Amino acid sequence: MKEPQHEALAAAIRAGGAITVLTGAGVSAASGVPTFRGQDGLWRSFPAEQLATAEAFDQDPALVWEWYAWRRALVAAAQPNAAHRVLADWSCRPDADVRIVTQNVDDLHVRAGTVRLVRLHGSLWELACRNRCATAPPTWPDLRVPLPVMPPRCPHCGGLARPAVVWFGESLPADALADAIDATRCRLFLAVGTSALVHPAAGLIGMAREHGAFTVEINPETTAASGGVDLALTGRAEVVLPQLDELAFGLPSD
Ligand code: BV8
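Let me begin by describing the structure that accompanies this report.

We now examine the packing of helix 1 (residues 4–14) against helix 10 (residues 237–249). Look at helix 1 against helix 10: their axes get within 8 Å of each other, and the N-to-C directions meet at 65°. Helix 1 and helix 10 meet at a crossing whose hand is right-handed. Contacts from His6, Glu7, Leu9, Ala10, Ile13 and Arg14 in helix 1 reach Val240, Gln243, Leu244, Leu247, Ala248 and Phe249 in helix 10. Considering only residue class, the contact of helix 1 with helix 10 consists of 8 nonpolar, 2 polar and 2 charged.

Laid out in structure tokens, this is it:
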């Protein structure tokens, strides 16, 4: 059904100019990757403060690695969904200026072929030396499922390796955060599939509005950001984004 709000937003997307899309766990929900705070959310059985922190890791690296190994196996068996594919298509269009800023660490945006992607919180598919040893690179890719040794070791110093993700209480990579802040200088800012609870990522929405962007939220539920955006579209990313894509650019990209 072509709703007026969708039509108007599609026209704005088609009009060109800088567009930024901030994504959260909700865009991977349709791929079967649990969100963090939803009904079946990961945090429900694993409260963040127990696992996604350096303290939790140092206290029980085996337990934290068990959680990440479980998530890696789950994501490895998942496929990018229509939401990822539409955003990848938009990011590749020569006639569009679209940047994707993600909080997700599943790399499904990468597997969907997204270019101009900013990963704020790192990747499940990269490791780092927990000791930050001098001989190891800051991070290195490791796509193996299952990991041959648990918990994995740093190949350079033999110490523990950690997931190269940003834990609570850790700063975001300075370059990624700077790129994300730069991306708030846009005409249209879409927040898709995020509860807008985790900072500084959630703050990007208000920053975009302050920079004059028309801000839109796409989410089946009301969130912390819903009251502060120009347009809150109730819906699932894998449904709404293909609708907008067809309205904006004609043929369904799927
Ligand atoms: C930092 C990687 C400086 C690990 C993650 C300011 C105010 C308040 C708190 C703070 C603040 N500044 C800093 C903090 C503390 C903290 C924080 O934000 N705490 C919150 C929880 C209160 N932030 C930090 O610690 C950050 N670091 O600021 O550094 C510093 C340094 C020292 C001391 C203090 C500060 C680091 C944050 C990064 C944490 N790492 N992930 C891992 O994944 O294992 S965060 C984690 O949450 C994921 O990355 C996830 O992406 C992210 C955000 O969650 P969402 O993506 O929004 O997912 P969620 O489940 O919450 O929501 C899903 C949404 O999708 C829902 O709304 C649902 O309705 C919707 N949905 C469901 N299905 C669909 C859908 N939408 C569309 N379609 C669907 N089909």
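Past the structure itself, the notes keep going.
What follows covers the packing of aromatic side chains. Throughout the structure, instances matching the rule amount to 5 aromatic pairs. Taking the centre distance of 5.0 Å and the plane angle of 65° together, the rings of Trp67 and Tyr68 count as edge-to-face. Where Trp90 meets Phe249, the ring centres are 6.4 Å apart and the plane angle is 70°; that geometry is what we call edge-to-face. Placement of the pair is Trp90 in helix 6 (residues 82–92) and Phe249 in helix 10, with a sequence separation of 159 residues. Each member of the pair, Trp90 as well as Phe249, carries the same accessibility label: buried. An aromatic cluster is present here, built from Phe57, Trp65, Trp67, Tyr68 and Trp167 joined pairwise through their rings. A cation over a ring is seen here: Arg71 above Trp67, with NZ or CZ 4.5 Å from the ring centre.

Attention shifts here to helix 1. Within helix 1 the residues assigned to the buried category are His6, Leu9, Ala10 and Ile13. Angular distribution of buried residues about the axis of helix 1 spans 105°; they occupy a single face of the element. Those residues of helix 1 that are buried are in contact with strand 1 (18–23), helix 6, strand 7 (188–192), strand 8 (214–219), strand 9 (231–234) and helix 10. A positive backbone phi angle near 85° is found at Gly16, which sits one or two residues after helix 1.

On to the pattern of salt bridges, then. Per the counting criterion, the structure on display carries 12 salt bridges. Where Glu170 meets Arg162, a salt bridge forms, and the shortest distance between an N and an O atom there is 2.7 Å. Looking at Arg162, the relative accessible area reads 8%, which means it is buried. Arg236 is the partner of Glu238 in a salt bridge, and the nearest nitrogen-oxygen pair spans 2.7 Å. Ionic contacts of the salt-bridge type, sharing partners, join the residues Arg72, Asp142 and Arg144 into one network.

What follows concerns the site of the ligand. As a matter of local geometry, the ligand sits amid 36 residues, with Phe36, Arg37, Tyr68, Glu170 and Ser195 nearest to it. Within the contact set of the ligand, an oxygen atom lies 2.7 Å away from a side-chain nitrogen or oxygen of Arg71. Taking Gln103, its main chain carries an N or O atom lying 2.9 Å from an oxygen atom of the ligand. Here the ligand, which alone exposes 1,500 Å², has 76% of that area covered by the protein. Secondary-structure elements contributing two or more residues to the shell around the ligand are helix 5 (61–76) and helix 10.

Definitions and cut-offs
- Residues numbered from 1 in each chain as written.
- Predicted model: local features only at pLDDT ≥ 70, side-chain atom pairs only at ≥ 80, totals over all residues.
- Heavy atoms only, no water.
- Axes fitted to C-alpha atoms, helices over the stretch in contact; angles between N-to-C directions.
- Helix = DSSP H or I, 4+ residues; strand = E, 2+ residues; numbered from the N terminus.
- Left-handed = near helix turned anticlockwise from the far one by under 90°.
- Contact = heavy atoms within 4.5 Å.
- Nonpolar A, V, L, I, M, F, W, Y, C, P; charged D, E, K, R; others polar.
- Phe/Tyr/Trp six-rings, centres within 6.5 Å; stacked < 30°, edge-to-face > 60°.
- Buried < 20%, exposed > 50% of the residue type's maximum accessible area, 1.4 Å probe, protein only.
- Lys NZ or Arg CZ within 6 Å of the ring centre and 35° of its normal.
- Arc of directions from axis to C-beta.
- Salt bridge = Lys/Arg side-chain N within 4 Å of Asp/Glu carboxyl O.
- Near = heavy atom within 4 Å.
- Polar contact = N/O pair within 3.5 Å; in protein donor to acceptor, adjacent residues only side chain to side chain.
- Areas by Shrake-Rupley, 256 points an atom, 1.4 Å probe, with all protein chains shown as cover.

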